[in-house]
Amino acid sequence: GAVAYYEGAIIDITALMTAESSLARTEERHRTLVEAIPDAMLRVRVDGLCIDATPGTLGVLPGAAALVGRPLGAPLPPAFVDALLRGVRSCVEGSEPTMLELELESPRWLEVRLAPAGGDVALALLRDVTPARQLRAKLFRSERLASVGMLAAGVAHDVNNPLAYLTANVEIAL
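Residues numbered from 1 in each chain as written. Predicted model: local features only at pLDDT ≥ 70, side-chain atom pairs only at ≥ 80, totals over all residues. Heavy atoms only, no water.

**Student:** What exactly am I supposed to notice about the overall build of the chain here?
**Tutor:** Secondary structure summary: the chain contains four helices and five strands in total. Helices and strands in the chain line up, N terminus first, as α-β-β-α-α-β-β-β-α. For the chain, whose C-alpha radius of gyration is 32 Å, the value lies well above the compact-globule estimate of 16 Å for 174 residues. Principal-axis analysis of the C-alpha atoms places the extent of the chain at approximately 145 × 35 × 30 Å. When each of the 174 residues of the chain is scored for burial, the buried share is 23%. When contacts within the chain are restricted to residue pairs at least 6 apart in sequence, long-range pairs at least 24 apart make up 35% of them. Accessible surface for the chain amounts to roughly 12200 Å². Of this, 62% is attributable to carbon and sulfur atoms. Between the centroid of the 16 positive side chains of the chain and the centroid of its 21 negative side chains there is a distance of 4 Å. (Helix = DSSP H or I, 4+ residues; strand = E, 2+ residues; numbered from the N terminus. Rg over C-alpha atoms; globule rule 2.2 N^0.38 Å. Buried < 20%, exposed > 50% of the residue type's maximum accessible area, 1.4 Å probe, protein only. Contact = heavy atoms within 4.5 Å. Areas by Shrake-Rupley, 256 points an atom, 1.4 Å probe, with all protein chains shown as cover. Lys, Arg positive; Asp, Glu negative; His and termini not counted. Charge placed at Lys NZ, Arg CZ, Asp CG, Glu CD.)

And the structure:
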């Protein structure tokens, strides 16, 4: 029972180890980048199953932690879910990105950008646009008030001209 000889091969795996290390660093950079995004990102199937959600989802959608691995539904409003799923189906079937603006709960609005993510899955990016909508509404109101003010100034000017004419003629007559 003595070993007569060894047979084997030596394979240089330096390139493989370098590639794996580079891949791990790239993956960590991308994970850090995605986790830092404050917007909600979900991967959703056309049947409504939520496959993934980023940590930023918690700040945008209430109860988002309970969504992963389950069909979209409570605690999200049914009208929001229906509109989102119609957008997901449209995006996946048309293979083109889609953008929606949906009311989550009054007066909260979300901008939803959908992009095909392969097969029957869409990537949904959700951003709270409520402050921007409120700012647009204030701007609209202030523009409307400014136009009413200009109209009132014009009417006052038109009324003042004949009154000035009458006052001048009355003074001359006296």
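**Student:** Before we go on, may I ask you to explain the pairing of strand β3 (residues 98-105) in this structure?
**Tutor:** Looking along a regular strand, one sees the side chains alternate between the two faces of the sheet. The pairing of β3 with strand β4 (residues 108-116) spans seven bridges and is antiparallel. Its bridge partner lying in β4, Thr98 is registered against Leu114. Counting the residues that bridge the hairpin from β3 to β4 gives two residues. (Pairing = 2+ DSSP bridges.)

**Student:** Honestly, the confidence of the model for the chain in this entry has me stumped. Any pointers?
**Tutor:** Keep in mind that low pLDDT regions are not for reading the predicted coordinates in detail. Across the chain, the average pLDDT comes to 86, with 100% of residues at 70 or higher. Per-element mean pLDDT across the chain ranges from 78 in helix α2 (residues 57-60) up to 93 in helix α1 (residues 14-36). (pLDDT = per-residue confidence, 0-100.)

**Student:** Where do I start with the sheet that holds β3 in this structure?
**Tutor:** Note: strands within a sheet are paired through backbone hydrogen bonds, in either parallel or antiparallel orientation. The five strands are arranged β2-β1-β5-β4-β3 in an open sheet whose pairing can be described as antiparallel. The open sheet has two free edges, formed respectively by β2 (50-53) and β3, since each of these has just one partner strand. Taking each pair of neighbouring strands and ignoring which way they run, the sheet shows an average axis angle of 25°. The pairing of β4 with strand β5 (residues 121-128) spans seven bridges and is antiparallel. Considered in β5, the bridge of Pro116 is made with Ala122. Packed on one face of the sheet, helix α3 (residues 78-94) meets β1 (40-45), β3, β4 and β5 and runs near 170° to β3. Contacting β3, β4 and β5, helix α4 (residues 130-173) runs over the sheet at an angle of about 125° to β4. (Axes fitted to C-alpha atoms, helices over the stretch in contact; angles between N-to-C directions.)

**Student:** Teacher, can you tell me more about α3 here?
**Tutor:** Each turn of an α-helix holds 3.6 residues, which means side chains three or four residues apart point in the same direction. For α3, spanning 17 residues, the distance from its first C-alpha to its last is 24 Å, which sits close to the expected 24 Å at 1.5 Å a residue. Listed in full, the buried residues belonging to α3 are Phe80, Val81, Ala83, Leu84, Leu85, Gly87, Val88, Cys91 and Val92. On the buried face of α3, the contacting elements are β1, β3, β4 and β5. Taken from the residues just after α3, Ser95 is the one with a positive phi, measuring 55°. (Expected span 1.5 Å × (residues − 1).)

**Student:** Mind showing me how you'd approach the pattern of salt bridges here?
**Tutor:** Pairing between side chains becomes possible if they bear opposite charge and their charged atoms approach one another. With the rule as written, the count across this model stands at eight salt bridges. Notably, a salt bridge pairs Glu28 with Arg31, separated by 3.9 Å at the nearest N-O pair. Note that Glu28 and Arg31 are positioned in helix α1 at a spacing of three residues, about one turn of the helix. For Arg31, a relative accessible area of 39% puts it in the partly exposed group. Ionic pairing is found between Asp47 and Arg45, a salt bridge with its closest N-O pair at 2.6 Å. Residue Arg45 is classed as partly exposed on the basis of its relative accessible area, which comes to 27%. Where salt bridges share partners, they join Glu27, Glu28 and Arg31 into one cluster. (Salt bridge = Lys/Arg side-chain N within 4 Å of Asp/Glu carboxyl O.)

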